[in-house]
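# Structural characterization, general
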Amino acid sequence: MTIRTVLFDFSGTLFRIESARSWLRAVLREHGSPLSADELDRCARRLEAAGALPGGAPPQRIPGHLAELWAVRDTDTDRHRAAYTGLAREVPLPDEALYDALYDRHMTPAAWSPYADAAEVLRGLRERDVGVGVVSNIGWDLRPVFRAHGLDDLVDTYTLSFEHGVQKPDARLFRTACEGLGRDPREVLMVGDDRRADGGAAELGCAVHFVDHLPVDERPAGLLPVLGLVDRRPAP
């Protein structure tokens, strides 16, 4: 069956979060809580290992008191904040206010960069009259990020886990996205970087294509194959 709609994951697929060091440095600068270069590097490494930066590296270890919360973090805004600030608090910082400030920083458009080929691929899909949706496990509204980077007009719908109380790989989230675009799942391609979460779309009959969750400068053309998949026609 011909692909008529493409669903994209957000983090690690269309956009990438800034580095843990950039994230921490921006917040310290804003709050006037300077650290030496060595202290900044050390704290950034520890925050990264803790998995405290949403969209960054996963936790190397999930503390027992956060395990249940972590499992459902993307179903609700309060749970999402509590999970990530809880992980950040595993790393001592000079000011208690920094933990919420770090969380707030990651929701700003300045913290995110689109992959180099994201605009080209989204425009190419628009030119082909292919619908585009974003399906994300997330605890906050990412639409301002797309608007700030000039990509919002290239997306038809957003299906965000916290708005529906269900997270990938649950097929219900993908079904909601397909229904919102008026498509049979067999006409839909899901593109993501997480084989477990994004792979859940296959349960509905969607085609699935994976990209690597790499820094922006290390993945200049990872999305371009999507246009080839859309152009491919089924054998008669």
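Scroll up to find the structure.
Not measured: the values here are computed from a predicted model.

## Section: helix α6 (residues 118-127)
For α6, every residue scored as buried is listed here: Ala-118, Ala-119, Val-121, Leu-122, Gly-124 and Leu-125. The inward-facing, buried residues of α6 abut β1 (5-8), β3 (112-114), β4 (131-136) and α10 (225-231). Asp-129 occupies a position one or two residues after α6 and carries a positive phi of about 60°.

## Considering the environment of Leu-24
Within the element layout of this structure, Leu-24 appears in helix α1 (residues 20-31). For Leu-24, a relative accessible area of 1% gives the class buried. Distance in space between the C-alpha atoms of Leu-24 and Tyr-115 is 22 Å, their sequence separation being 91 residues. If we skip the residues at most four places from it in the chain, Leu-24 touches Leu-40, Cys-43, Ala-44, Leu-47 and Leu-102.

## Details of the pairing of β4
Buried residues dominate β4, accounting for 6 of its 6 residues. Here β4 shows two buried faces, one formed by Gly-131, Gly-133 and Val-135 and the other by Val-132, Val-134 and Ser-136. As paired elements, β1 and β4 share 4 bridges and run parallel to each other. Looking across to β4, one finds that Thr-5 is bridged to Gly-131. Bridging between β4 and strand β5 (residues 157-160) involves 4 bridges; their strand directions are parallel.

## Some remarks on the packing of aromatic side chains
Using the criterion set out here, one finds 8 aromatic pairs in the structure. Seen from their ring centres, Phe-10 and Phe-146 are 5.8 Å apart, and the 40° between their planes marks the pair as tilted. Remark: Phe-146 occurs in helix α7 (residues 143-148) and Phe-10 occurs in the loop between β1 and β2 (15-17); sequence separation between them is 136 residues. In this structure, Phe-10 and Phe-146 share a single accessibility class: buried. Here Phe-146 and Tyr-158 contribute two aromatic rings whose centre-to-centre distance is 5.3 Å and whose plane-to-plane angle is 75°, an arrangement assigned as edge-to-face.

## Focus: the nonpolar core
In a soluble, globular protein the nonpolar side chains are often hidden away together inside. Val-6, Phe-8, Phe-10, Leu-125 and Phe-146 are the most contacted members of the largest nonpolar core, which has 61 residues in total. Residues within four places of Leu-125 in sequence aside, it is in contact with Val-6, Phe-8, Val-130, Val-132, Leu-227 and Val-230. Among the nonpolar cores identified, the runner-up in size contains 14 residues, and Leu-7, Phe-174, Val-188 and Met-190 belong to it.

## Describing the sheet that holds strand β7 (residues 207-210)
With parallel pairing, the 5 strands of this open sheet are ordered in space as β5-β4-β1-β6-β7. Of all strands in the sheet, those bounded by a partner on one side alone are β5 and β7. The average undirected angle you get between the axes of adjacent strands in this sheet is 20°. For β1 and strand β6 (residues 188-192), the ladder comprises 4 bridges, and the chain directions are parallel.

## Considering the pattern of salt bridges
In total, this model carries 15 salt bridges according to the counting rule given. Across the pair Glu-187 and Arg-4 runs a salt bridge whose closest N-O atoms are separated by 3.3 Å. In this pair, Glu-187 sits in the loop between α9 (171-180) and β6 while Arg-4 sits in the segment before β1, placing the two residues 183 residues apart along the sequence. The buried category is assigned to Glu-187, whose relative accessible area is 15%. For Arg-4, a relative accessible area of 38% puts it in the partly exposed group. Residue Arg-21 pairs with Asp-41 through a salt bridge whose shortest N-O separation is 2.4 Å. Of this pair, Arg-21 sits in helix α1 while Asp-41 sits in helix α2 (residues 37-50); the two residues are 20 residues apart in sequence, bridging distant segments of the chain. On the accessibility criterion, Arg-21 (31% relative accessible area) is partly exposed. Of the residues examined, Asp-41 reaches a relative accessible area of 24% and is grouped as partly exposed. Taken together, the shared-partner salt bridges in this structure form one network comprising Asp-9, Lys-168 and Asp-198.

Criteria and cut-off values
- What you see as residue numbers is a count from 1 along each chain, following the sequence as written.
- In keeping with the model being predicted, local features are shown solely for residues with a pLDDT of at least 70 and side-chain atom pairs are shown and tallied solely at 80 or more, while totals for entire chains, interfaces and linings include all residues.
- Note that the side-chain values use all heavy atoms of the structure and ignore hydrogens as well as water.
- Each residue's exposure class comes from its accessible area (1.4 Å probe, protein chains only) as a fraction of the maximum for that residue type: buried when under 20%, exposed when over 50%, partly exposed otherwise.
- The helix and strand labels rest on DSSP assignments: H or I over at least four residues marks a helix, E over at least two residues marks a strand, and numbering proceeds from the N terminus.
- We call two residues in contact when some of their heavy atoms are within 4.5 Å.
- In this description, strands pair whenever DSSP reports at least two bridges between them.
- Pairing of aromatic side chains here covers Phe, Tyr and the six-membered ring of Trp, requires ring centres within 6.5 Å, and sorts the geometry by plane angle: under 30 degrees stacked, over 60 edge-to-face, intermediate tilted.
- Only buried residues count toward a nonpolar core. Its members are Ala, Val, Leu, Ile, Met, Phe, Trp, Tyr and Cys residues joined through side-chain atoms within 4.5 Å.
- Every axis in this analysis is a line fitted to C-alpha atoms, fitted for helices over the stretch in contact. Angles between the N-to-C directions lie between 0 and 180 degrees.
- Salt-bridge detection follows one rule: a side-chain nitrogen of Lys or Arg within 4 Å of a carboxyl oxygen of Asp or Glu.

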